[in-house]
Amino acid sequence: MNIPTELRTAHPDVYWLAEDDHAGLTNYLLDWQWLAANEAIHTVTKAGEGNMNCTLRVTTNERSFIVKQARPWVEKYPTIAAPWERALIEGGFYQLIAGAATLQQMMPRLLGSDAVSRINVFEDLGASDDLMRLYAGERKLELAQIETLAAYLTQLHRGFVRYEDKAAFANRAMRTLNHFHIFVFPLQPANGFDLDAITPGLQAAAQKLKDNAAYVARVTQLGELYLQDGDALLHGDFFPGSWLQAADGLKVIDPEFCFFGAAEFELGVMLAHLLMTGHSQVVIDRLWQSYQPASSNWQPALVEQFAGIEIMRRLIGVAQLPLRLGLAEKTVLLEHSVAIVMHDKENE
Ligand SMILES: Nc1ncnc2c1ncn2[C@@H]1O[C@H](COP(=O)(O)OP(=O)(O)OP(=O)(O)O)[C@@H](O)[C@H]1O
Ligand SMILES: [Mg+2]
């Protein structure tokens, strides 16, 4: 038996979401009173491009909504196990921010959560794509959009500093997974990941970073910081794949990697994606100007270092982006990664 079959059998109390199971889904949603008695499902389709979860758009005779199920595996690669409690953490995040008007206004409303089947039901923000198209290089974020995203982060990072039950959002398993893919795997000497199949010559470019012991040590050290608990509530995966262009403005989804940690990590990730998508210095400056850090010991140099690491892992790690860059451009970005990760070391 493969992993999903085994796990399905082991958890008979779970409703397993499936695009073609209209009858089962109707019963399931009626049981939870997420469907009105006079409502009928018309269509069930994939909500968009996602890897981790089963995320469907359900359209009825009345409306549409999103049903997202975390399974104990990665949806796109069912033989790879994934932390199952991520759905509970994601649901908890939405419950936590629901009282903060600016944040809720920028996220879909959570319509319901089922902790047994690890299903969350969300307001549908419309079938518009997420901003992954930024990687094609044809579009750029406008300054007003940068301000909107910076305002979201400001509010998120400052808003829950005194929240008492931070341990409920430790999200250890997801953080461990992310830590491995950001700080460890990409620089592992022989990780078996064929970079030349992505861009011929990329393997050799990556080797230079792997051979740079000071760089690897610094990345390892920053990885430890990522694993530490902090005061700021982070979204945890703040990049264009989590931003949606809805009819009434930019929205943020998918906080399944959220945790209380160092805000510099989150800003660094966003900065990395602005750099990789060719945004101008004016745009980047606007991010720095708009974002208001929560903590007085905020360290801008750390933001740059986390940005450098995010660039590196997106180019030579498994979580590849639809970037249209050749070897020369990727090499420049990797060199930039080394420069900004090592920056304050050289000045010491
Ligand atoms: N509330 C929503 N309204 C409209 N579209 C949505 C909504 N939630 C998700 N989508 C669409 O479904 C896609 C996948 O959703 P989401 O990112 O939450 O799933 P995921 O499995 O966690 O994805 P990933 O593997 O990228 O983390 C989104 O990129 C978006 O296109
Ligand atoms: Mg996700």
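Above this note sits the structure.
Bear in mind the structure is a predicted one, so any value in this text is a computation, not a measurement.

J.: How should I be thinking about the sheet that holds strand β1 (residues 41-46) in this particular structure?
T.: Strands in a sheet are paired, the pairing made by backbone hydrogen bonds, and the direction either parallel or antiparallel. Ordered in space as β1-β2-β3-β7-β6, the five strands form an open sheet in which the pairing is antiparallel. In the strand order of this sheet, the two ends are held by β1 and β6 (110-114), each with one partner. Pairs of neighbouring strands in the sheet enclose a mean axial angle of 20°, with direction left out of account. Two elements, β6 and strand β7 (residues 119-123), share four bridges in a ladder whose sense is antiparallel. Its bridge partner lying in β7, L110 is registered against F122. Its contacts with the sheet place helix α2 (residues 22-31) against β1, β2 (54-60), β3 (64-69), β6 and β7, and it is angled at close to 105° to β1.

J.: What's the story with the layout of surface pockets in this structure? I'm lost.
T.: In this structure, the second largest pocket spans a volume of roughly 370 Å³. What lines the second largest pocket is a set of 20 residues, and nearest its centre among them are D231, G261, A262, S295 and N297. Its residues assigned to classes, the lining of the second largest pocket comprises 10 nonpolar, seven polar and three charged.

J.: I keep staring at the site of ligand 1 and nothing clicks. Help me out?
T.: Residues in contact with ligand 1 amount to 21 residues; listed here are only the nearest, N51, M52, K68, D130 and D254. Contact between ligand 1 and K68: an oxygen atom at 2.8 Å from a side-chain N or O atom of the residue. For the shell around ligand 1, the class distribution of residues is seven nonpolar, six polar and eight charged. Formed jointly, the shell around ligand 1 draws a minimum of three residues from each of two domains, domain 1 (3-123) and domain 2 (131-347).

J.: Would you explain the coordination of the magnesium ion (ligand 2) in this entry?
T.: Under ideal tetrahedral coordination, the four donors around a metal are separated by 109.5 degrees; under ideal octahedral coordination, the six donors are separated by 90 or 180 degrees. Around the magnesium ion (ligand 2), the protein contributes the donor atoms D254 (OD), D254 (OD) and E256 (OE), which lie 2.0 to 2.8 Å from the metal centre. The same class applies to D254 and to E256, which are both buried.

J.: Would you mind showing me how to read the pattern of salt bridges here?
T.: When their charged atoms lie close together, side chains carrying opposite charge are able to pair. Counted according to the given criterion, the structure contains 16 salt bridges. The salt bridge partner of E49 is K46, with a shortest N-O separation of 3.8 Å. Residue K46 is classed as partly exposed on the basis of its relative accessible area, which comes to 45%. For E75, the salt bridge is made with R71, and the minimal N-O distance between the two is 2.9 Å. One salt-bridge network, in which partners are shared between bridges, spans K68, E90 and D254.

J.: Explain the nonpolar core here, please?
T.: Most often, soluble globular proteins have nonpolar side chains that are buried together. Residues F93, Y152, F160, F183, F265, M270 and I316 are the most contacted members of the largest nonpolar core, which totals 76 residues. Taken together, domain 1 (3-123) and domain 2 (131-347) each give at least three residues to this core, which thus spans both. F93 has contacts with M107, Y152, L156, F169, L233, L234, H235, P255 and C258, leaving out every residue within four places of it along the chain. Membership of the second largest hydrophobic core comes to 16 residues, among which are Y15, L29, L56 and I119.

J.: Help me understand the pairing of strand β5 (residues 77-81) in this model?
T.: The side chains of a regular strand alternate between both faces of the sheet. Across two bridges, strand β4 (residues 73-74) lies against β5 in antiparallel orientation. What sits directly across from V74, in β5, is Y77. Hairpin remark: β4 followed by β5, antiparallel, with two residues in the connecting loop.

J.: Would you explain empty space enclosed by the protein in this entry?
T.: Empty space among the atoms can be located by rolling a probe the size of a water molecule over them. Taken as a whole and assessed by the stated rule, the structure comprises one cavity of 30 Å³ or more. Each pocket or cavity is described by its volume, and for the largest cavity that value is around 40 Å³. Every residue lining the largest cavity is listed: N178, I182, G236, D237, F238, F265, V269, E310, R313 and R314. Elements that contribute at least two residues to the lining of the largest cavity include exactly α6 (172-184), α9 (263-276) and α11 (300-316). Among the elements that make up the lining of the largest cavity, the one with the highest residue count is α11 (three residues).

J.: Where do I start with the packing of α9 against helix α10 (residues 281-290) in this structure?
T.: Think of two packed helices as two axes; the pair is described by the angle between the axes and how far apart they sit. Two elements in contact, α9 and α10, have axes separated by 10 Å at closest approach and are oriented at 165°. Of the possible angle classes, the one that applies to α9 and α10 is roughly antiparallel. Two packed elements cross with a definite hand, and for α9 against α10 that hand is right-handed. Together, L267, M270, L271, L274 and L275 of α9 and I284, L287 and W288 of α10 make up the contact between the two elements. Here the residues of the contact of α9 with α10 are counted per class, giving eight nonpolar, no polar and no charged.

Rules used throughout
Residues numbered from 1 in each chain as written. Chains lettered and ligands numbered in written order. Predicted model: local features only at pLDDT ≥ 70, side-chain atom pairs only at ≥ 80, totals over all residues. Heavy atoms only, no water. Pairing = 2+ DSSP bridges. Helix = DSSP H or I, 4+ residues; strand = E, 2+ residues; numbered from the N terminus. Axes fitted to C-alpha atoms, helices over the stretch in contact; angles between N-to-C directions. Contact = heavy atoms within 4.5 Å. 1 Å grid on protein atoms, 1.4 Å probe; cavity = no way out; pocket = protein on both sides within 12 Å on 5 of 7 lines; lining within 4 Å. Points joined across faces, edges and corners; volume = space filled by probe spheres on them. Nonpolar A, V, L, I, M, F, W, Y, C, P; charged D, E, K, R; others polar. Near = heavy atom within 4 Å. Polar contact = N/O pair within 3.5 Å; in protein donor to acceptor, adjacent residues only side chain to side chain. Domains from an automatic or database assignment. Donors = N, O, S within 2.8 Å, 3.2 Å for Na, K, Ca; no water. Buried < 20%, exposed > 50% of the residue type's maximum accessible area, 1.4 Å probe, protein only. Salt bridge = Lys/Arg side-chain N within 4 Å of Asp/Glu carboxyl O. Core = buried A, V, L, I, M, F, W, Y, C linked by side-chain atoms within 4.5 Å. Parallel < 35°, antiparallel > 145°, perpendicular 65-115°, else oblique. Left-handed = near helix turned anticlockwise from the far one by under 90°.

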